[in-house]
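Architecture and fold: a report
This is what each chain is made of:
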Amino acid sequence: MLTDKEKAVLDELITLHTTDNSVLCEATDSIAGISHNELELIFHALSNKGLIKMKSYTDGGYRVSLTYEGLSYKETEALSYSKTTIVNNFNAPITNSAVANSGSVSINNGTTMQEIKDFIQQQSLSQEEKLKLNEVVTYVEALIESDTNLKKNFLSKFSDVLAKHSNIAEMLIKLVLKYLGFPL
């Protein structure tokens, strides 16, 4: 970010720019109405920003050379001021999602057995798969309600159907972990 005085000095240097790419400033010179003492500070600032190269002489004068960045500072500044806008276009119907300004959002991490059964019925699965999945849900529900100690591999007989439908397996595992006292 350049100050107005730095911009004025750069504009003046660009107009004074010669083929040997340097401008000689005497101790009595002023650029853009800025005194020599203030010019010294501005030259140092512009040099630190990589916009000019500067040599100082013992008599108080300077030889100033514009860098490419100094010659094209207006283009660089214009690019830094341009704002990028990100637009997400979804070309598909989106339901049950929190996208952009969709109104209010409520998140329910506590799924019930009935919600899992309803979810299974909504899926486009064969009747046989729906029956197997409902059998798994009923089995887990019975274990939880009877307060039975769960044994290792208690769901192993349903491993094929649970592997095929990992989303339902995940819902069931969350319920089992909640039953075992794990906070979710």
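In short, a report on the structure. Model, not experiment: these values are computed from the prediction. (Residues numbered from 1 in each chain as written. Predicted model: local features only at pLDDT ≥ 70, side-chain atom pairs only at ≥ 80, totals over all residues. Heavy atoms only, no water.)

Side note on the overall build of the protein
Assigned secondary structure in the protein consists of 8 helices and 3 strands. Secondary structure elements of the protein occur, N-terminal to C-terminal, as α-β-α-β-β-α-α-α-α-α-α. Out of the 184 residues in the protein, the part that is buried amounts to 28%. Residue pairs in contact within the protein that sit at least 24 positions apart in sequence constitute 56% of those at least 6 positions apart. Of the roughly 13100 Å² of accessible surface on the protein, 52% is carried by carbon and sulfur atoms. (Helix = DSSP H or I, 4+ residues; strand = E, 2+ residues; numbered from the N terminus. Buried < 20%, exposed > 50% of the residue type's maximum accessible area, 1.4 Å probe, protein only. Contact = heavy atoms within 4.5 Å. Areas by Shrake-Rupley, 256 points an atom, 1.4 Å probe, with all protein chains shown as cover.)

Overview of the side chain of Asn134
Within the secondary structure, Asn134 sits in helix H6 (residues 127-145). For Asn134, a relative accessible area of 17% corresponds to the buried category. Setting aside residues up to four positions removed in sequence, Asn134 forms contacts with Lys117, Ile120 and Gln121.

Some points on the pattern of salt bridges
Under the defined criterion, the tally for this structure stands at 7 salt bridges. As a salt-bridge pair, Lys164 and Glu129 come within 2.5 Å of each other at their nearest N and O atoms. Of the two residues, Lys164 is situated in helix H7 (residues 159-164) and Glu129 in helix H6; the sequence distance between them amounts to 35 residues. Its relative accessible area of 57% is what places Lys164 among the exposed residues. With relative accessibility at 14%, the residue Glu129 sits in the buried group. (Salt bridge = Lys/Arg side-chain N within 4 Å of Asp/Glu carboxyl O.)

A few points about the environment of Ser56
Along the polypeptide, Ser56 turns up in strand E2 (residues 52-56). Residue class for Ser56 comes out exposed when judged on its relative accessible area of 52%. When the C-alpha positions of Ser56 and Leu24 are compared, they lie 9.9 Å apart, and in sequence the two are 32 residues distant. Sequence-distant contacts of Ser56, that is, excluding residues within four places in its chain, are made with Gly61 and Tyr62.

Notes on the nonpolar core
Ile116, Val136, Val140, Leu155, Leu162 and Leu172 are the most contacted members of the largest nonpolar core, which has 20 residues in total. Going through the elements one at a time, helix H5 (113-122), H6, H7 and helix H8 (166-179) are the ones with two or more residues in this core. If you tally residues by element for this core, the top one is H8, at 6 residues. Setting aside its immediate chain neighbours within four residues, Val136 contacts Leu155, Phe158, Val161, Leu162 and Leu172. (Core = buried A, V, L, I, M, F, W, Y, C linked by side-chain atoms within 4.5 Å.)

Shape descriptors only; they carry no functional weight alone.
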